[in-house]
Amino acid sequence: MSETSVPPSASPLNRALTALVQWFDSDHAPDGPERMRREPDRVDWMRCIPFIVLHAGCLGVIWTGVSATAVWTAVGLYFVRMFAVTGIYHRYFSHKTYSTSRVGQFLLALWGGTTVQRGALWWAYHHRHHHQHSDEPEDAHSPHVHGFWWSHIGWITSRRNFPTDYSTIRDLAKYPELVWLNRFDTVVPALFALAVFGAGAALETWAPGLGTDRWQMLTWGFFISTTALFHGTSCINSMAHLMGRRRFKTSDDSRNSFILALICLGEGWHNNHHRYQSSTRNGFYWWEIDLTYYGLKALSWTGLIWGFKPVPKSVMEEAARADHEASIAAAQRASVVHPEFSPLVKVVPAAAAIAVATATAAQADLPKKTAAPDLHQQASSRVETPPSA
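Quantities reported herein were computed from a predicted structural model and do not represent experimental measurements.

Regarding the nonpolar core
Note on soluble globular proteins: their nonpolar side chains tend to be buried together. Counting 40 residues, the largest nonpolar core has I88, F93, Y98 and L108 as its most contacted members. Listed by contribution, the elements that provide at least two residues to this core are helix 5 (68-94), helix 6 (102-113), helix 7 (120-132), helix 11 (176-183), helix 13 (214-239) and helix 16 (291-300). By residue number, the principal contributor to this core is helix 5, which donates nine residues. Among all residues touching L108, those that are not within four sequence positions of it are I88, Y92, F93, Y98, T100, L304 and I305. Grouped together as the second largest cluster of nonpolar side chains are 13 residues, A70, A74, V196 and F222 included.

Re a nonpolar patch on the surface
On the surface, L13, L17, L20 and F24 cluster together to form a nonpolar patch covering roughly 410 Å² of accessible area. Looking at the secondary structure, you find F24 in the loop between helix 1 (12-22) and helix 2 (33-37). Using a relative accessible area of 54% as the deciding quantity, one classes F24 as exposed.

Here's the deal with the confidence of the model for the protein
Low pLDDT means the predicted coordinates in that region are not meant to be read closely. On average, residues of the protein score 87 in pLDDT, and 84% of them reach the 70 mark or higher. Predicted confidence for residues 1-8 stays below pLDDT 50, and this span has 13 contacts to residues more than four positions away or in other chains. In this model, residues 364-385 is a region of pLDDT below 50 whose contacts with residues beyond four sequence positions or in other chains number 43 contacts.

Quick look at unusual backbone geometry
Positive phi values are uncommon outside glycine, yet R118 reaches one of about 65 degrees. Inspection of the secondary structure puts R118 in the loop between helix 6 and helix 7. Overall, R118 belongs to the buried group, its relative accessible area being 14%. A positive phi is found at D135, a non-glycine position, where the angle reads about 60 degrees. Judged by relative accessible area, D135 falls into the buried class, the value being 17%.

Notes on the pattern of salt bridges
For the structure on display, the rule yields 16 salt bridges. Linking D171 and K96 is a salt bridge whose minimum nitrogen-to-oxygen distance equals 3.3 Å. You can see D171 sitting in helix 10 (residues 170-173) and its partner K96 sitting in the loop between helix 5 and strand 1 (99-100), a full 75 residues away along the chain. For R247, the salt bridge identified is with E288, shortest N-O distance 2.9 Å. Separated by 41 residues along the polypeptide, R247 in the loop between helix 13 and helix 14 (258-263) and E288 in the loop between helix 15 (270-275) and helix 16 bring together distant segments of the chain.

Considerations on the packing of helix 6 against helix 11
Where helix 6 contacts helix 11, the axes come no closer than 10 Å and their chain directions differ by 5 degrees. Here helix 11 runs roughly parallel to helix 6, going by the angle between their axes. Taking contact as the criterion, the partners of R102, Q105, F106, A109 and L110 in helix 6 are, on helix 11, P176, E177, L178 and L181. Across the contact of helix 6 with helix 11, the residue classes tally to six nonpolar, one polar and two charged.

Conventions adopted
- Residues numbered from 1 in each chain as written.
- Predicted model: local features only at pLDDT ≥ 70, side-chain atom pairs only at ≥ 80, totals over all residues.
- Heavy atoms only, no water.
- Core = buried A, V, L, I, M, F, W, Y, C linked by side-chain atoms within 4.5 Å.
- Buried < 20%, exposed > 50% of the residue type's maximum accessible area, 1.4 Å probe, protein only.
- Helix = DSSP H or I, 4+ residues; strand = E, 2+ residues; numbered from the N terminus.
- Contact = heavy atoms within 4.5 Å.
- Patch = residues over 30% accessible without salt bridge, like charges linked within 9 Å, V, L, I, M, F, W, Y side chains within 5 Å.
- Areas by Shrake-Rupley, 256 points an atom, 1.4 Å probe, with all protein chains shown as cover.
- Salt bridge = Lys/Arg side-chain N within 4 Å of Asp/Glu carboxyl O.
- pLDDT = per-residue confidence, 0-100.
- Axes fitted to C-alpha atoms, helices over the stretch in contact; angles between N-to-C directions.
- Parallel < 35°, antiparallel > 145°, perpendicular 65-115°, else oblique.
- Nonpolar A, V, L, I, M, F, W, Y, C, P; charged D, E, K, R; others polar.

What follows is the structure in structure tokens.
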């Protein structure tokens, strides 16, 4: 146990009762949130029950069966809610990469609540903490520090990671409506599940030809879709620091992965993001598919959000140099493995240089380099306060 760790102060029964109350009031902490955060990392089995129920609910397919309507509903809700995780919880609440009004902020928080990934403030607190301590011992979900499975799901079951440290997210905690949604973070998921169930009942009654019913829609639209959503999101924690290519030499082991970018709508360009977290885009080039950015762009046309933050020209120039150096290194390695193709060593870097120059020219309208200390400052100090409703 570390010097800052403390032993449990309550009996197993009291701890179980506390965990039960926390399912409905996440700010409930009889011994104080600071004491919980100083506890050692370990699985709290009471915290596991919601995850067990969520996964067990997928087995309902044995009794409800399958229909095209239910499957496509599950797929659609996966992508709609993955956008809420990536475009709302991540790029707005965690990093403030764009702006909205106070009413718009509340609507975005409601949308994010349907993901069943706790409240927006808890999510933002943990993500900002991750960037401050990425792949260091303090990082709650680093696969290099804690291993794959702990970074994928185990860290959420630990009591020390349950409370929200409101002192680190003052830019968000000053809005009582956001604090309420964060404190009672099961309200929106419960209402969402009821809405999916009700939609299934309506289809069963008024559109029987679709071959679905209330229980089938609940199984596919809520349990299966939400379980897939959880594991898709968790892949960024457990895999985006293990698989892929490193363009930027960041202080952590973040990587860019095309596969993860597809699964998580652009979040797979993780090394890009760790190099410059203030940009609305994670895919720095047009060929780096970033569906979240495309969705945010479309949402901006409604007037709900605005003020997108671009990638600075200096960062793009750094990326161009890194890609050029990588192409040279690849050509040199190829000349050793396949000496019969050694003339290509001169051709490939030249071609890469031309491509880099073209890409850099395309970014000429981007803003000048931001001072280095400003690149990683807290999101709360980089954004204007949304106007009062």
